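Examination of the molecular architecture
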Amino acid sequence: MADSSQKTLRIREFPIDENPGHTYLNHEKGILSWLFTVDHKRIGLLYLGSVILFFFVGGMLALLLRTELLTPAQSIVDADTYNQIFTLHGAIMIFLFIIPSIPAALGNFFLPMMIGAKDVAFPRLNLASWWIYIFGALFALYSIITGAVDTGWTFYTPYSTQTGTSVVSMTLAVFILGFSSILTGLNFIVTLHKLRSPGLSWSKMPLFLWSLYATAVIQILATPILAITVLLLAMERILGIGIFDPSLGGDPVLFQHFFWFYSHPAVYIMIVPAFGIISELISTYSRKTIFGYWAIALSSLAIAFIGFLVWGHHMFVSGQSELSSVVFSFLTFFVGVPTGIKIFNWVATMYKGSIDLKTPMLYALAFLFLFTIGGLTGIMIGALSINVHLHDTYYIVAHFHYVMMGGTVIAMLGGLHHWWPKMTGKMYNEFWGRITCGVIFLSFNMTFLPQFIMGSQGMPRRYFNYVDQFQGLHQFSTIGSYLLGVGFVMMAVYLLWSLFKGPKAPSNPWKARSLEWMTSSPPTHHNFEYTPVILHGPYDHHKPMKEFRMGVAEESESPDVIEIDKDPA
Amino acid sequence: MANQSVATEKKSHLQHHFVDEDQQFESSKMGMWIFLVTEVLMFGGLFVAYIIYRAWHPDLFYEAAQELDVALGATNTVVLIASSLTIALAIRAVQLDKIKAAINYMAATILLAGTFMVIKYFEYMDKFGKGIYPGESYTYDGLEHEMAANFFSIYYMMTGLHGIHVVIGMVLIGWMIIKAKKGLVHSGYYTPVENTGLFWHLVDIIWIFLFPLLYLID
Amino acid sequence: MSHHISTLPTLLSVAGALLVLTFLTVAVTWINIPEPFNVIVAITIAVVKATAVAMFFMNLYWDSKFNSVVFLLSILFLTIFVVITLLDTLFREGGLPVY
Ligand code: HEM
Ligand SMILES: [Cu+2]
């Protein structure tokens, strides 16, 4: 890459500084050096802090909802407030938490490191994306103060054009947040194409990066449609343009097409990065080369593509034509294929591996279990005839919480623990990590398994009252949600403890093989003090660790220097 | 094709995370193309709405389009094509280090863009004068079709969003003129001018579709 | 890698072609081509014009092929959006939404 006239590349091993004095954390000091940083690692942490904050806010709202559902009649809030709370819970969790969660936080931090780059391609755009995100969040806040929104996070017309609540500012918030998401995706695509270190061919890229690539493609292709959708909705409210509003000759079902053309692919923006983390975890903690590298890598792209063909499975009872319902139901089944491919390859990777049940691996196993339930129920409700019965019931609520919380959030927690030593330079307490993982796993199931049962018996979603027969299950679910809250508090405690009092982390505590572990913990300002050269795949646990720490040697260095063919076939 | 090629020479704008100028230039351009994709898709949403409604109400589109002035639309098409040419000439001039000429071409582009907006302004005013407003404020009764207002809503959304892009383009080109005056762009580094040019051409391409779809329904 | 600089004749002739095509697209409305061919002709001309702009003004012709692929992807996904949505709107049992 550096000099195209050369046929060979001179490389040598670079030792890792286990006690770095100068790191990205102390490179510059002061709050402003954080708020206006262009360092992808710091921006990753800014995003991490922000999404955790919104996860907390969304979580509190969820606990309010669950508390209201303790009794069949009104418990703590009235119907209108309940509508606003579930709308806010959904909108915050989707647009402010889960969409940016893995890519913008962990992805921002690790994508450049995993390809041996100093930064993403457009560092200032990266910072802009975070500021735009904050700006969008402020708009959402403004909407909450000025009357909130009670349409559900889906903003369906015609209700969203009639309700007296603050829809326009919320749609503008969504518009702005979409822009931030686009900038992240754009940055990642260019970075992966242009900034890979010598030797890091597409076939040697960690699977987390393949998944971020697929995610970025979806972000680029789907988010603009969300932008125009919410813009048209705002215009519908402001001017009454009559495109979606039936009382003006518009078509509300068309709104649903627009909305789901973005929002179904968006569920893959949420889950595909999680798949990437799981690939890293399963290989690392099974100490085994990933099984079916290309199958996993390409299935991410396949999911990204097929994800664009199935949006109408959210609209089976909307009044869309029978023809399109049948086609959408048929196409929906195809999504299961690449997803299944991944699950089988992960399981095959673990087979005969030396599995180390560290906290991140426990999360990976929890993911396999929970996501499989979420995915399989997805296939069930993708079937037209079954969907007609289950649509808008708690069955749907359970389905998407199993994929989004049981899938994405659990995987993100796994990734957070896996990379915690690298990001902070501190180790967390393994014992409490495992206990907490167990608490979260059990209480999650306690919360959402009953919802499948209630949904199948006809409990509709988005109601604050219900018939008495469901009270037992609802209360069980509510208690589960409280325990879930306890689990997160436990995590917050031991992670904060680790931050201040935890033991120092070595550079590579898990004996992983990908590049981000081949520099000190925490990394230095430029990630690497040399230009890394990649000889082996990211999961080649059978190759000596030394060969993963190669970098371009200077002209003057003669001992230990190896000459390699620059473009091995 | 007798087109020349030159290698870049001056090194000055290289950011630390790139290996060389070419890598940086190619990265920026790829980033710009990806951004243009999002623009196409955002406008695309409006085209989809157009297609759906035209398929539902062909008579509405035929009838209402007669209100639009083909001559003005065609003039604007010519104006935008001319501006696409001038911005392309500006980029060529920068590449050849003829900064003065580049500034003049960019100024011409802004002028043409301004012309486009002025013509658009008169078109809008003419419509408003008749009571053809977007959405519910529509009061014109010269059209039979009960959904006439819906056609004009689509018309205003499409041309309005396009108009906003024209204005953004004018601002960007103005900024490039300032950069050129300060000597910040030259044959060795002209990435921002190149990307502004790409943006401007896209604005032209979108109009190329808007013109026949809105004005030329017969 | 080297940068492409377009020649004057290229730029001028592309602009000329665009003007001719603009005239053509207006002129075909003077002769009454029956539905749906009038739309097809109008769109075809617009596509040719847009392709010319993309290839020679935006330099895709000389550029890395990846950028062309990126651009075409936007068209592909837009087509998916249109076609699948039409599967609904053209085949509604209840007919047109009216008001
Ligand atoms: C095997 C893959 C999947 C299939 C086949 C599938 C299928 C479905 C179907 C058919 C619905 C519509 C149910 C209804 O409203 O009647 C639905 C709803 C939903 N799914 Fe999935 N799904 C899958 C994976 C996912 C993933 C990975 C996520 C997110 C990470 C997700 C998130 C959602 C959400 C949020 C909803 C509810 C939207 C709403 O109405 O508010 N799904 N899914
Ligand atoms: Cu879906």
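Located above this text is the structure these notes cover.
The text that follows walks through the structure, step by step, so that each part is easy to find. The model shown is predicted, which means the values in this text are computed figures rather than measured ones.

Residues and elements named next belong to chain A. Of the protein atoms, only His264 (ND1), His313 (NE2) and His314 (NE2) coordinate the copper ion (ligand 2), at distances of 1.8 to 2.0 Å. One chain supplies every donor for the copper ion (ligand 2), spaced along it as H-x48-H-H. Between the copper ion (ligand 2) and the iron atom of ligand 1, a separation of 4.5 Å is found. Linking His264 in helix 8 (residues 252-286) with His313 in the loop between helix 9 (293-306) and helix 10 (322-350), this pair joins segments that are 49 residues apart in sequence. Take His264: its relative accessible area is 4%, and that puts it in the buried class. By relative accessible area, His313 is classed as buried at 13%.

This next bit is on the nonpolar core. A:Phe95, A:Trp346, A:Phe367, B:Phe151 and B:Phe152 are the most contacted members of the largest nonpolar core, which has 289 residues in total. Ranked by residue count, the leading element in this core is helix 3 (residues 79-114) of chain A, at 22 residues. Dropping the residues within four chain positions of it, A:Phe367 is found in contact with A:Ile271, A:Ala274, A:Phe275, A:Ile278, A:Trp346, A:Thr372, A:Gly406, A:Gly407, A:Ile410 and A:Ala411.

Looking now at the pattern of salt bridges. Inspection of every chain in the model, using the stated rule, returns 11 salt bridges over all chains. A:Asp356 is the salt-bridge partner of A:Lys358, the closest N and O atoms lying 3.0 Å from each other. Among the ionic pairs, A:Arg434 bridges to A:Glu430, the shortest N-O distance being 3.5 Å. Placement of the pair is A:Arg434 and A:Glu430 together in helix 14 (residues 430-456), with a separation of four residues, close to one helical turn. Overlapping salt bridges bring together A:Asp251, C:Asp88 and C:Arg92 as one network.

A word on the coordination of the iron atom of ligand 1. From the protein, the iron atom of ligand 1 takes a single donor atom, A:His399 (NE2), 2.2 Å away. Within the secondary structure, A:His399 is located in helix 13 (residues 394-424).

The next subject is helix 7 (residues 207-238) of chain A. Residue and element names in this part refer to chain A. Compared with the 46 Å implied by 1.5 Å per residue over 32 residues, the 45 Å span of helix 7 between its first and last C-alpha is a close match. Most pronounced at Ala222, the bend in helix 7 amounts to some 30 degrees, and the proline Pro224 follows within four residues. Judged by how many residues are buried, helix 7 sits mostly within the fold: 28 of 32 residues are covered. Just downstream of helix 7 lies Gly240, where phi reads positive at about 70 degrees.

A few words on the interface of chain B and chain C. At the junction of the two partners, chain B supplies 56 residues and chain C supplies 55 residues. Taking both sides of the interface into account, the surface hidden between chain B and chain C amounts to around 5,100 Å²; carbon and sulfur atoms contribute 73%. Of all residues in chain B, B:Trp33, B:Trp56 and B:Asp218 give up the largest surface area on contact with chain C, accounting jointly for 15% of the area buried on that side. Joining chain B to chain C, the criterion identifies one salt bridge. Measuring nitrogen to oxygen at the nearest pair gives 3.2 Å for the salt bridge that ties B:Lys29 to C:Asp63. Taken together, the links from chain B to chain C amount to six residue pairs in polar contact (both at pLDDT 80 or more). It is helix 1 (residues 21-56) of chain B that provides the largest number of residues to the side of chain B that touches chain C, a total of 19 residues. Looking at side-chain class alone, the side of chain B that touches chain C contains 36 nonpolar, 11 polar and nine charged residues.

This part covers the environment of A:Phe14. Residue and element names in this part refer to chain A. When you line up the elements, Phe14 lands in the loop between strand 1 (8-13) and helix 1 (31-35). In this structure the C-alpha to C-alpha distance between Phe14 and Ile241, which are 227 residues apart in sequence, comes to 64 Å. Excluding its chain neighbours within four sequence positions, the residues that come into contact with Phe14 are Tyr530, Arg549, Met550, Gly551 and Val552.

A word on the site of ligand 1. All names here are of chain A. Among the 22 residues in the neighbourhood of ligand 1, the closest are listed as Trp153, Asn387, His391, His399 and Arg461. Within the side chain of Asn387, a nitrogen or oxygen atom sits 2.9 Å from an oxygen atom of ligand 1. Arg461 is positioned such that a nitrogen or oxygen atom in its side chain is 2.9 Å from an oxygen atom of ligand 1. Of the residues belonging to the shell around ligand 1, the class tally is 12 nonpolar, nine polar and one charged.

Take the side chain of A:His89 next. Residues and elements named next belong to chain A. Within the secondary structure, His89 is located in helix 3. Here Gly58 takes part through its backbone oxygen, which lies 3.1 Å from a polar atom of the side chain of His89. Discounting residues that sit within four places of it in the chain, His89 has contacts with Gly58, Leu61, Ala62, Leu65 and His401.

Turning next to the environment of C:Val20. Among the structural elements, C:Val20 can be located in helix 1 (residues 8-27). Distance in space between the C-alpha atoms of C:Val20 and C:Lys49 is 9.9 Å, their sequence separation being 29 residues.

Reading guide: rules and limits
Residues numbered from 1 in each chain as written. Chains lettered and ligands numbered in written order. Predicted model: local features only at pLDDT ≥ 70, side-chain atom pairs only at ≥ 80, totals over all residues. Heavy atoms only, no water. Donors = N, O, S within 2.8 Å, 3.2 Å for Na, K, Ca; no water. Helix = DSSP H or I, 4+ residues; strand = E, 2+ residues; numbered from the N terminus. Buried < 20%, exposed > 50% of the residue type's maximum accessible area, 1.4 Å probe, protein only. Core = buried A, V, L, I, M, F, W, Y, C linked by side-chain atoms within 4.5 Å. Contact = heavy atoms within 4.5 Å. Salt bridge = Lys/Arg side-chain N within 4 Å of Asp/Glu carboxyl O. Expected span 1.5 Å × (residues − 1). Bend = angle between axes of the 7 residues up to and from the residue. Buried area = accessible area lost by both parts, 1.4 Å probe. Polar contact = N/O pair within 3.5 Å; in protein donor to acceptor, adjacent residues only side chain to side chain. Nonpolar A, V, L, I, M, F, W, Y, C, P; charged D, E, K, R; others polar. Near = heavy atom within 4 Å.

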